[in-house]
Amino acid sequence: MHAPAVFKTILEKTLMSLFILRWTLLFALMVGAVYTCTLMNHTIWIEKENCIQCVAVNTTICSGYCYTRDTNLKGRFGRAFLIQRSCVPISLVYRAVFIPGCPQDVSSQLYYPAARCCSCRRCDTLMFISCADIMFYH
């Protein structure tokens, strides 16, 4: 084999490796951009009326970005291009916490939400009173 042919083969392999690396990195970035709605640990402070103390509780929330597209077209035609999704919980559990320092006539138990699974979806106002703020149950 002649020297120019060897260099040509090495150059082709190097270019092919760079091509594969470039597309692999691009794919990894795209997957990261698409799937950014995830569970996240979060500390909330819980207090109750007539109780003298509050409690810090570790819970899980849904956090991240979802694909959204807005249009400047009006009417039914414009709504066809409108995509508004939020990172919302698919499944919630409510856990109990006891608030110290409550009078005897006040229940010291309070329930707070913990997300178990998240997804980019339209906000279901039938399931939640307000999609921006999931209410605490007393």
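Please read all numbers here as calculations on a predicted model, not as lab measurements. (Residues numbered from 1 in each chain as written. Predicted model: local features only at pLDDT ≥ 70, side-chain atom pairs only at ≥ 80, totals over all residues. Heavy atoms only, no water.)

(A) Region of the structure containing the state of the cysteines. Taken as a whole and assessed by the stated rule, the structure comprises 4 disulfides. Residue Cys 62 pairs covalently with Cys 118 via a disulfide, S to S 2.0 Å. Between Cys 62 and Cys 118, the disulfide has an S-S torsion of -85 degrees and is therefore left-handed. Remark: Cys 118 occurs in strand E4 (residues 109-121) and Cys 62 occurs in strand E2 (residues 54-63); sequence separation between them is 56 residues. Shown here is the disulfide that connects Cys 66 with Cys 120, its sulfur atoms set 2.1 Å apart. In this structure, the disulfide formed by Cys 66 and Cys 120 twists by about -80 degrees around the S-S bond and is classed as left-handed. Within this pair, whereas Cys 66 is found in the loop between E2 and helix H2 (75-79), its partner Cys 120 is found in strand E4, the two being separated by 54 residues in sequence. Looking at Cys 120, the relative accessible area reads 26%, which means it is partly exposed. (Disulfide = S-S within 2.5 Å. Helix = DSSP H or I, 4+ residues; strand = E, 2+ residues; numbered from the N terminus. Buried < 20%, exposed > 50% of the residue type's maximum accessible area, 1.4 Å probe, protein only.)

(B) Seen up close, the confidence of the model for the protein chain. Averaged over all residues, the pLDDT of the protein chain is 75; the fraction at 70 or higher stands at 59%. Per-residue pLDDT stays below 50 along residues 132-138; that stretch engages in 16 contacts with residues further than four places along the chain or on separate chains. (pLDDT = per-residue confidence, 0-100. Contact = heavy atoms within 4.5 Å.)

(C) Layout of the environment of Ile 61. With respect to the helices, strands and loops of the structure, Ile 61 is situated in strand E2. Expressed as a C-alpha distance, the spacing of Ile 61 and Ala 114, which sit 53 residues apart in the sequence, is 6.5 Å.

(D) Here's a closer look at the side chain of Ser 91. Relative to the assigned elements, Ser 91 resides in strand E3 (residues 86-98). Residue contacts for Ser 91: discarding those within four places in its chain leaves Ala 114, Ala 115, Arg 116 and Cys 117.

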